[in-house]
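# Close look at the chain arrangement
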Amino acid sequence: MVEPGRRGRVVALLANYCWVQLDQPGPDDISRLLCTRRTRLGKSGQTICVGDWVQVDGIDWAAGRAAVAAVEPRSLVLDRPPVANLSTVVVVVALAEPALEPLQLTRFLITAERSGARVELVFSKADLLPHAAVEQWLQRAAAWGYQPLAVSTAAGAGLDALRQRLSRPGLAVLCGPSGVGKSSLINALIPDLGLRVAAVSGRLQRGRHTTRHVELFPLATDALLADTPGFNRPVLPQQPAELIACFPELQARLRQTSCQFSDCQHQGEPGCAVGSNWDRQALYSQCLQDLLAQQGRQAGGARVEAAGLKQRGDRLEPRLDPRYRQLSRRGRRQQAAAEFNLPDPED
Ligand SMILES: Nc1nc2c(ncn2[C@@H]2O[C@H](COP(=O)(O)OP(=O)(O)OP(=O)(O)O)[C@@H](O)[C@H]2O)c(=O)[nH]1
Ligand SMILES: [Mg+2]
Ligand SMILES: [Zn+2]
């Protein structure tokens, strides 16, 4: 008998395989299959992402294997960490160890806002700061337009409130720097999971990139949590308008009084409705500068490339035919990291 195809969701991605959790369990209650992907899919350029809804066929129940035959259209997508069909991004930053960097936090919030998903903000390791300092951060972030939570897995604080927020149906993706306690939080919310965690190290108490893959875990009925590898520097959008859309407090001001300049970058220019007396104004300006610098580099790079040249340090060199180009050691490291879905070694 030919086993008909089944629908499921990609819950983890390895180099050439993925784990698919089936909508309906099969014989012997098998609900998870290790799947390759049909070459046809690869040829059509269709990628597979954790969170994807897929059709699998060629099921071998005894071996627990199958192949992904089709990927359903995605609703929301988060680029980094790569997750499809999410409903919430939970930005997690530690109040200490590693120290909270407001610019880094803002970059994570921008990434979260850009995804179009609901955004939650969690301050972890609340046990490491005095109560008043924790309160101060909560109030600051509330003024930005968030309803932040302070949690501590060490003291068991704030976990019930977090569980409640994340238990609604959908997929919530925890993202943030390495070492802030994302895996620890998921361990605290889902007993017996036993995800690997590791102590922060060094003078700056940085994380050690313990989690290496995105993986989905069930928290409640229809509610999934994604653990992801930490990274340090989320990318910015390409255009100032996109950046402006990622600051809720700026949006709130613009809803009250629209700015008289249609292409205003709201940097506190005279006559700008937004003004400059808002908490994240300097952070916003920094992001805007970084974005414009990145635009400049891209434009410069495109001009250099069009001339068949490449930038090497401060010199321009003829570009080699890709067939003859040897990857630098750093290039090889980055390629290996990309293949195995590891964090960018440059982070
Ligand atoms: N003091 C304190 N330490 C915590 C808390 N939560 C986690 N930690 C510690 O922080 C360290 C890093 O935790 P992880 O859960 O591995 O951090 P992560 O965010 O998953 O890190 P990556 O997987 O590298 O992205 C571990 O030593 C944890 O024990 C907390 O609430 N308080
Ligand atoms: Mg982790
Ligand atoms: Zn303005």
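Everything below is about the structure shown above.
Calculation notes
Residues numbered from 1 in each chain as written. Chains lettered and ligands numbered in written order. Predicted model: local features only at pLDDT ≥ 70, side-chain atom pairs only at ≥ 80, totals over all residues. Helix = DSSP H or I, 4+ residues; strand = E, 2+ residues; numbered from the N terminus. Buried ≥ 20, exposed ≤ 12 C-beta atoms within 10 Å, placed from the backbone. Contact = placed C-beta atoms within 7 Å. Core = buried A, V, L, I, M, F, W, Y, C linked by C-beta atoms within 7 Å. Near = placed C-beta within 6 Å. Nonpolar A, V, L, I, M, F, W, Y, C, P; charged D, E, K, R; others polar. Pairing = 2+ DSSP bridges. Right-handed = clockwise from strand over helix to strand, strands pointing away.

## Digging into the overall build of the protein chain
Across its full length, the protein chain holds nine helices and 15 strands. Buried residues in the protein chain amount to 31% of all 347 residues. Taking the contacts inside the protein chain whose residues are at least 6 apart along the sequence as the reference set, 63% of them involve residues at least 24 apart.

## Re the nonpolar core
Formed by 70 residues in total, the largest nonpolar core has its most connected members in Val89, Val91, Val173 and Ala226. If you tally residues by element for this core, the top one is strand β8 (residues 88-94), at six residues. If we ignore the near neighbours within four places in the chain, the residues touching alanine 226 are Val50, Val83, Leu171, Val173, Leu174, Val214, Glu215 and Leu216.

## Some remarks on the site of ligand 1
Surveying the vicinity of ligand 1 reveals 25 residues, the closest of which are Gly181, Ser184, Val197, Thr211 and Gly230. Examining the composition of the shell around ligand 1, we find that three residues originate from one element, helix α5 (residues 182-189), more than from any other. Looking at the shell around ligand 1 residue by residue, the classes come out as eight nonpolar, 13 polar and four charged.

## A closer look at the environment of histidine 209
One can find histidine 209 in the loop between α5 and β12 (215-220). For histidine 209, a count of 18 C-beta atoms within 10 Å puts it in the partly exposed group. Along the backbone, histidine 209 and glycine 179 are 30 residues apart, and their C-alpha atoms lie at a distance of 7.2 Å.

## Focus on the pairing of β8
Within β8, seven of the seven residues are buried, leaving the element largely enclosed by the surrounding structure. With burial as the criterion, each face of β8 is covered, one bearing Thr88, Val90, Val92 and Ala94 and the other bearing Val89, Val91 and Val93. Strand direction decides the pairing type here: β8 and strand β9 (residues 118-124), joined by seven bridges, are parallel. Looking across to β9, one finds that alanine 94 is bridged to serine 124. Once the chain exits β8 it traverses helix α2 (residues 102-115) before rejoining the sheet at β9, and the crossover so formed is right-handed.

## Here we look at unusual backbone geometry
Here arginine 80 and proline 81 are connected by a cis peptide whose omega angle stands at -5°. If you trace the backbone, proline 81 turns up in the loop between β6 (77-78) and β7 (83-84). For the peptide bond that leads from glutamate 97 to proline 98, omega is 0°, which places it in the cis range. Note on placement: proline 98 falls in the loop between β8 and α2. A positive phi is found at aspartate 192, a non-glycine position, where the angle reads about 70°. As for its placement among the helices and strands, aspartate 192 is situated in the loop between α5 and β12.

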